[in-house]
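# Survey of secondary and tertiary structure
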Amino acid sequence: MQKYSGTIDEMVACNRDPELRRNLRATILEDINSTELRMRLLYAQLNALSPISLLPTELLAHIFHLLRDDRDYYEDVPQLPLLSAVTHVCCHWREVALSDSSLWSAIWDIIPRRCNQQWLIEMLSRSKNAPLDVNLDTPHTDLLHSLTRHSSRISRLALSGLEDGGALRNLLETEAPTLEDLDLRGFSVANPPIAVSYNPSALTSQFRLFHRQSSRLRKMHLYNIHIPWAYFPKRTLTHLSIISVSWSTTLEPPQLGTLDDLINVITNSPCLEQLTLEKCLAPVSSQPTLMAQIVTEMPRLRQMNLTGPSSSVLHIFQSLHAPVLRDLVLRFIATNQAEAASWPTVAPSVLSRFHRTRSVTIKTLSLEVQGHYADTKIGVRGSPSLVTPAVPSMALDETFVSLEFQDHLSNVQEHHEVVWLEACTALHMVELKSVHVFIPINSDIEPPRWTQFFDQCANVTKVSAQWHGAESLLRSMTPRDPTPSVASQDLDEPTPALLFPKLTHLFLEELNFGNSYSEAGSIYEIVLKLVERRKRCGAPIKELNIYDCGASPDEATSLEVFVPKVHCDPDEDDELDMDG
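Residues numbered from 1 in each chain as written. Predicted model: local features only at pLDDT ≥ 70, side-chain atom pairs only at ≥ 80, totals over all residues. Heavy atoms only, no water.

## With respect to the overall build of the protein chain
Stated precisely, the cut-off is as follows: Numbered from the N terminus, helices here are DSSP runs of H or I no shorter than four residues, and strands are runs of E no shorter than two. Only protein chains enter the accessibility calculation, which uses a 1.4 Å probe; a residue is then buried when its area is under 20% of its type maximum, exposed when over 50%, and partly exposed in between. By definition in these notes, contact holds between two residues if any of their heavy atoms fall within 4.5 Å. Per-residue and other accessible areas follow the Shrake-Rupley method at a 1.4 Å probe size, with only the shown protein chains counted as cover for residues.
Scanning the protein chain from terminus to terminus reveals 20 helices and 23 strands. The buried share of the protein chain, reckoned over its 580 residues, is 46%. Taking contacts inside the protein chain between residues at least 6 apart in sequence as the whole, the part at least 24 apart equals 70%. As displayed, the protein chain offers around 28,900 Å² of accessible surface, 52% of which is attributable to carbon and sulfur atoms.

Here you go:
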């Protein structure tokens, strides 16, 4: 078509002829299109002359990956999908981005209200056949259906805020041959958990997790998602975590199968390295004994965290032999009076068994009472004391053991004293260096009792006392007056051994200096007497840290007479080093 150029007035004149108007419009539109193409070509040529165009295609694609992985970008540019900006810079950048399918394989939705579900579906399309890394919060049902169609290439699946149990079940029933990491989280504590019904008589016809095609699955984390044990994969798992937030001692535990089903999953996972089971266990009918159980070797298990009825937690722990176990956290919940009454024997049994499994030199001991119901907690931290060829190098790290005892039925507060005594008796604490005591309730523990707890701990150099229940511990560390009266000398009474004779660092927190909890006087008077007498008997405190105790400047100055370093109310950002 012949190009036409004319003035505006000539165009207006031609507008009166319909045929001429149509021809001229077509001519002008063609000129516009050709001009736009020419402009794009000129801009492309101009962009090719910019220094950044010298970057190789592989390096430019790598930069795009780094941009995609920068999650702070969501906060900086909330109105624009993360990778959309890359494809609109220039033709070359768009070509590089769209030709790299792995760039679109990270289906992340960090802030759900800002990300269009259709955009995520478009990313699924652009990722082509690349392995998918899916991390979505509150995914829409349509998006779950789209994921179902791409399940064969999902390598990591993390879904939180789940509400649609039907769509999730459909996704879990598809084949996932490349799936390595599964992380599913229910919506909230207030909502009922998403559950897959359990019927032992119809296991084969009801539900098949990933159609039993998940041979690469290594990590499995379920939070308020109830899937029966019998459906779990075996032999491949290295990390298993099941947490239920809807269970309490007043409610029935989730119906996930028998304890034997669960132990079967664990013992048939020889590569298991981390195991977490919280409030998903039902109590066993009777307290199991160690001799009656079959103990399975778990050669790689390094971390174990169990929370549930005392009988079930003890049964699982005693069923496993883990020579490289490094972190052990057991929370025993009393579902009846018999379980609470068994705690004095449970604590030394667990600790002695753990010590036999791994020879550990205990460096730090923590004794705590927590919560309204006076939950009892024992924490032990140490390092391996014996290195043998049978113990891999990964087992030589620091070891941590925590035992918690929760009695939410009887509100009995006297459990902690007898549990602590039995536990301390069972532990070999000759090399103990640090002690932490946390008691936020009024305690009836008398100073001689603390001496029983720590009679073998002559090498302790650091003690932390927190809350007013630890007041009697301070009195137990105070030596008798080194200048006794004549009357007391006539009695010829043996002088008791000084508790913690090598103590040099004392940490006090949330002990109200002005309050009195015994006939010994206020907390301040007890502390002053402690540091004064220890200095006079040749076992001085070298550093005293006082935090949130209401100590006045005059009281701090008085303490400095007997302690070289006194830190009163340090900054909140300063951490008290109890392990160094």
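So, next bit.
## Quick notes on the confidence of the model for the protein chain
Threshold: pLDDT gives the predictor's per-residue confidence on a scale running from 0 to 100.
This prediction gives the protein chain a mean pLDDT of 79; 78% of its residues lie at or above 70. In the predicted structure, residues 571-576 sits below a pLDDT of 50 and forms three contacts with residues beyond four places in sequence or in another chain.

## Observations regarding the environment of Val-566
Mapped onto the elements, Val-566 comes out in strand S23 (residues 565-568). Under the relative-accessibility criterion, Val-566 is labelled buried at 15%. Beyond its immediate sequence surroundings of up to four residues, Val-566 is in contact with Leu-544, Ile-546, Ala-556, Leu-559 and Glu-560.

## Examining helix H7 (residues 117-126)
Residue pairs three or four apart in sequence face the same way in an α-helix, which turns once every 3.6 residues. Residues of H7 that are buried include every one of Gln-117, Trp-119, Leu-120, Met-123, Leu-124 and Arg-126, and no others. Here the buried face of H7 lies against helix H5 (84-87), helix H6 (91-99), strand S1 (106-109), strand S2 (132-137) and helix H8 (141-149). Residue Lys-128 follows H7 closely and has a positive phi angle near 55°.

## Brief notes about unusual backbone geometry
A positive phi angle is found at Thr-138, which is not glycine, with a value near 50°. The topology assignment puts Thr-138 in the loop between S2 and H8. For Thr-138, a relative accessible area of 30% puts it in the partly exposed group. Of note in the backbone geometry, Glu-510 takes a positive phi value of approximately 55° without being a glycine. Among the secondary structure elements, Glu-510 is positioned in the loop between strand S19 (505-509) and strand S20 (516-518).

## Comments concerning the state of the cysteines
The cut-off we apply is this: Cysteine sulfur atoms are paired as a disulfide whenever they come within 2.5 Å of each other.
The tally for this structure, following the rule as stated, stands at zero disulfides. Considering cysteine sulfurs only, Cys-91 is the nearest to Cys-90, which forms no disulfide, with 6.8 Å between them. Judged by its relative accessible area of 17%, Cys-90 is buried.

## Some remarks on the nonpolar core
Defined as follows: We define the nonpolar core as a collection of buried residues of types Ala, Val, Leu, Ile, Met, Phe, Trp, Tyr and Cys that are connected through side-chain atoms lying within 4.5 Å of one another.
Counting 134 residues, the largest nonpolar core has Leu-159, Ile-378 and Phe-454 as the members making the most contacts within it. Excluding its chain neighbours within four sequence positions, the residues that come into contact with Ile-378 are Ala-347, Leu-365, Ser-366, Leu-367, Val-401, Ser-402, Leu-403, Phe-405, Val-419, Trp-420 and Ala-423.

## Topic: the packing of H8 against helix H9 (residues 165-172)
What counts, and what does not: Between the N-to-C directions of two axes lies an angle of 0 to 180 degrees, each axis being a line fitted to C-alpha atoms and, for a helix, fitted only over the stretch in contact. Angle categories: roughly parallel below 35 degrees, roughly antiparallel above 145, roughly perpendicular from 65 to 115, and oblique for all the rest. Amino acids outside the nonpolar list (Ala, Val, Leu, Ile, Met, Phe, Trp, Tyr, Cys, Pro) and the charged list (Asp, Glu, Lys, Arg) are all regarded as polar, and Gly is one of them.
Orientation of H8 relative to H9, taken along the N-to-C sense of each, is 10°, at an axis distance of 9 Å. Taken together, H8 and H9 sit at an angle that is classed as roughly parallel. For the pair formed by H8 and H9, the contact residues are Thr-141, Leu-144, His-145, Leu-147 and Thr-148 on the first element and Ala-167, Leu-168, Asn-170 and Leu-171 on the second. Counted by class, the contact of H8 with H9 contains five nonpolar, four polar and no charged residues.

## Comments concerning a nonpolar patch on the surface
Operational definition: Here the term patch refers to residues with relative accessible area over 30% and no salt bridge, with like charges joined within 9 Å and nonpolar side chains (Val, Leu, Ile, Met, Phe, Trp, Tyr) within 5 Å. Salt bridges are defined as contacts in which a side-chain nitrogen from Lys or Arg sits within 4 Å of a carboxyl oxygen from Asp or Glu.
Together, Met-39, Leu-42, Tyr-43, Leu-46 and Leu-49 line one region of the surface with nonpolar side chains, adding up to about 540 Å² of accessible area. Its location among the elements puts Leu-42 in helix H2 (residues 18-48). Its relative accessible area of 36% is what places Leu-42 among the partly exposed residues.

## A few points about the pattern of salt bridges
Under the counting rule described, the total for this entry stands at 12 salt bridges. Ionic pairing is found between Glu-404 and Lys-377, a salt bridge with its closest N-O pair at 3.8 Å. Residue Glu-404 is found in strand S16 (residues 399-406), and its partner Lys-377 is found in strand S15 (residues 375-384); the two are separated by 27 residues along the sequence. Here the salt bridges share partners, and the residues they tie into one network are Arg-331, Lys-377 and Glu-404.

## A few points about the packing of aromatic side chains
We count it as follows: For this analysis, a ring pair means two rings from Phe, Tyr or Trp (six-membered ring only for Trp) whose centres lie within 6.5 Å, classed as stacked if their planes differ by under 30 degrees, edge-to-face if by over 60, and tilted for the remaining angles. Charge-over-ring contacts are defined here by two conditions on Lys NZ or Arg CZ: a distance within 6 Å of the ring centre and an angle within 35 degrees of the ring normal.
One pass over the full model with this rule turns up 12 aromatic pairs. With centroids separated by 6.2 Å and ring planes inclined at 90°, the aromatic side chains of Phe-453 and Phe-454 adopt a geometry described as edge-to-face. Here a set of aromatic residues connected by ring pairs shows up, and it is made of Trp-420, Trp-450, Phe-453, Phe-454 and Phe-500. The lysine or arginine in question, Arg-126, covers the ring of Trp-104, its NZ or CZ lying 4.7 Å from the ring centre.

## Re the pairing of strand S9 (residues 274-278)
To keep things clear, this is the line we draw: For two strands to count as paired, DSSP must find a minimum of two bridges between them.
Pairing of strand S8 (residues 239-243) with S9, which is carried by five bridges, proceeds in the parallel orientation. Bridge pairing in S9 places Ser-241 opposite Thr-276. Summarising the sheet, S9 and strand S11 (residues 303-309) pair through five bridges and their orientation is parallel. Within S11, the position partnered with Leu-275 by the bridge is Met-304.

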